Amino acid sequence: MKKLLKNDALQFLSLSVVITLFIYALDVSKGMIIAKTVYLTFFEVLDIIIAVSIFIGLFQVWVKPPTIVKWLGKGSGLKGFILVCTFPILMGGSLFTVFPLLKTLREKGARQGAIASFITAWGGKAPLLPLETKFLGWPFALVRLSFIILFAFVMGILMDWVVEKPTKLV
Amino acid sequence: MNYMRAGHIYLIIAVVMLGISFFKERQKTKEALKATLKIFYTIIPVLVFVFVLMGLIQAYVSSKTIASILGQKSGILGILYAELVGCIALFMPPAVFPFGGYLHDNGASYGSIAGFVFTAILIGITTLPLEIKFLGKRFTVARNIFTFVLAFFTALLMEVILR
């Protein structure tokens, strides 16, 4: 896994360099536009990225998956459902990291709807708020965060209705 | 008054939290720092790649074109286009917001941006096989379809509220 990540990193970086050099060779001024965009945006976000990485790192260490599973339980009942629609907003990581955790939740008896709500709420991405507000502003970020809870709620209800039932609807 | 970048405030908060963590448990804080470094190294290359993409669009696509495809006038279709882009975009979540902000600066509507952000984070062609493996085919198909549809309505609502 670690090797894979490193390769990924290298791939993205080399691809970036190749594209920029290619455009530069085609048209110097356009190549400069790309280089300038990368340079300016990079230093604009560097401090935010460092802060965000620290937030996510701390969260990962202090709130381990078993703790999350314990807190959320089956995600059943109104309280569990509300928790499943809100708590994951605080989590970082990518879908690659949440699927294994959700499998555990599922094995503990969580309903399909709760799992789907969890994924949706996880899309809230509160640890990235510094980035979101910088590029899209506080109104957008706050409205999006509130709507993601509603989104997660409806998602859970729909998924329970369609997937959880033994009768095949899909 | 001294002007302070928002980024600096976040950094200070992060360092204070690290301090509290260190005070409570050293070993865990060490682990957290290791995780932080790993996250940082994973995010940066993807971000650089997305910035190159932004530069490419800057160099070859006019703001007018972006606005005509994803702007307020293109309305519902704009949101759908943006959602489709989000579905196939291979971005990690941290890269989604700079790209979204860039599109917005060039005339894309809030609704389109919201559609893009939702699907870019919640639907990934690359994660589909993994989702099927961990959560099943039925679940995966239903969740991705519902996400696309609900993202559309949520984005529409956001467009109405934020415009």
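Residues numbered from 1 in each chain as written. Chains lettered and ligands numbered in written order. Predicted model: local features only at pLDDT ≥ 70, side-chain atom pairs only at ≥ 80, totals over all residues.

## Observations regarding the overall build of chain A
(1) Moving on: Each helix and strand counted, chain A has 7 helices and 0 strands in total.
(2) Moving on: Taken from the N to the C terminus, the helices and strands of chain A come in the order α-α-α-α-α-α-α.
(3) Moving on: Here the C-alpha radius of gyration of chain A, 20 Å, is well above what a compact globule of 170 residues would show, namely 15 Å.
(4) Moving on: Dimensions along the principal axes, computed over C-alpha positions, put chain A at roughly 60 × 35 × 35 Å.
(5) Moving on: Put simply, chain A has 170 residues, and 42% of those count as buried.
(6) Moving on: Nonlocal contacts in chain A, meaning residues at least 24 apart in sequence, comprise 76% of its contacts between residues at least 6 apart. (Helix = DSSP H or I, 4+ residues; strand = E, 2+ residues; numbered from the N terminus. Rg over C-alpha atoms; globule rule 2.2 N^0.38 Å. Buried ≥ 20, exposed ≤ 12 C-beta atoms within 10 Å, placed from the backbone. Contact = placed C-beta atoms within 7 Å.)

## Observations concerning the overall build of chain B
(1) Moving on: Secondary structure summary: chain B contains 8 helices and 0 strands in total.
(2) Moving on: In terms of overall dimensions, chain B is more spread out than a globule: its C-alpha atoms have a radius of gyration of 19 Å, far above the 15 Å expected for 163 residues.
(3) Moving on: With the C-alpha coordinates of chain B rotated into their principal frame, the extents come out at 55 × 55 × 30 Å.
(4) Moving on: Looking at chain B as a whole, 45% of its 163 residues are labelled buried.
(5) Moving on: Counting only contacts in chain B whose residues sit at least 6 apart along the sequence, the fraction spanning at least 24 positions is 80%.

## Focus on the nonpolar core
When a protein is soluble and globular, its nonpolar side chains tend to lie buried together.
(1) Moving on: The biggest cluster of nonpolar side chains holds 94 residues, and the ones touching the most others in it are A:Ile115, B:Val46, B:Val50, B:Phe91 and B:Ile113.
(2) Moving on: It is helix 7 (residues 129–164) of chain A that provides the largest number of residues to this core, a total of 14 residues.
(3) Moving on: Every residue in contact with B:Val50, bar those within four places of it in the chain, is listed here: B:Phe91, B:Ala95, B:Pro98 and B:Phe99. (Core = buried A, V, L, I, M, F, W, Y, C linked by C-beta atoms within 7 Å.)

## Some details on the domain arrangement of chain B
Residues and elements named next belong to chain B.
(1) Moving on: Along its sequence, chain B is carved into domain 1 (1–60) and domain 2 (62–163).
(2) Moving on: Between the C-alpha centres of domain 1 and domain 2 the distance comes to 25 Å.
(3) Moving on: At the junction of the two partners, domain 1 supplies 5 residues and domain 2 supplies 7 residues.
(4) Moving on: Counted by class, the side of domain 1 that touches domain 2 contains 5 nonpolar, no polar and no charged residues. (Domains from an automatic or database assignment. Nonpolar A, V, L, I, M, F, W, Y, C, P; charged D, E, K, R; others polar.)

## Side note on the confidence of the model for chain B
(1) Moving on: Scored by pLDDT, chain B comes out at a mean of 90, with 98% of its residues at no less than 70.
(2) Moving on: Across the predicted assembly, pTM comes out at 0.86 and ipTM at 0.85. (pLDDT = per-residue confidence, 0-100.)

## What to know about the packing of helix 2 (residues 28–62) of chain A against helix 2 (residues 26–60) of chain B
(1) Moving on: Contact geometry of helix 2 of chain A with helix 2 of chain B gives a least axis separation of 7 Å together with a crossing angle of 155 degrees. The angle between helix 2 of chain A and helix 2 of chain B falls in the class roughly antiparallel. The two elements helix 2 of chain A and helix 2 of chain B meet at a crossing, and its hand is right-handed.
(2) Moving on: Class assignment of the residues belonging to the contact of helix 2 of chain A with helix 2 of chain B gives a composition of 23 nonpolar, 8 polar and 3 charged. (Axes fitted to C-alpha atoms, helices over the stretch in contact; angles between N-to-C directions. Parallel < 35°, antiparallel > 145°, perpendicular 65-115°, else oblique. Left-handed = near helix turned anticlockwise from the far one by under 90°.)

## Points about the interface of chain B and chain A
(1) Moving on: Between chain B and chain A, the residue contacts involve 65 residues of the former and 67 residues of the latter.
(2) Moving on: For the side of chain B that touches chain A, the secondary-structure elements that each account for two or more residues are helix 1 (6–24), helix 2, helix 5 (93–105), helix 6 (110–122), helix 7 (128–135) and helix 8 (137–162) of chain B.
(3) Moving on: Per-element accounting of the side of chain B that touches chain A gives the leading share, 22 residues, to helix 2 of chain B.

## What about unusual backbone geometry?
Residues apart from glycine generally show negative phi values, whereas peptide bonds are mostly found in trans.
(1) Moving on: Backbone geometry places A:Lys125, a non-glycine residue, at a positive phi of 55 degrees.
(2) Moving on: Structurally, the position occupied by A:Lys125 is in the loop between helix 6 (112–122) and helix 7.

## Focus on the environment of B:Phe153
(1) Moving on: Note on placement: B:Phe153 falls in helix 8.
(2) Moving on: In sequence terms B:Phe153 and B:Gly115 are 38 residues apart; their C-alpha atoms lie 8.9 Å from each other.

## Things to note about helix 6 of chain A
(1) Moving on: Of all 11 residues in helix 6 of chain A, 11 are buried, a share of seventy percent or more.
(2) Moving on: Listed in full, the buried residues belonging to helix 6 of chain A are A:Gln112, A:Gly113, A:Ala114, A:Ile115, A:Ala116, A:Ser117, A:Phe118, A:Ile119, A:Thr120, A:Ala121 and A:Trp122.
(3) Moving on: For helix 6 of chain A, the elements touching its buried residues are helix 4 (77–86), helix 5 (95–107) and helix 7 of chain A together with helix 6, helix 7 and helix 8 of chain B.

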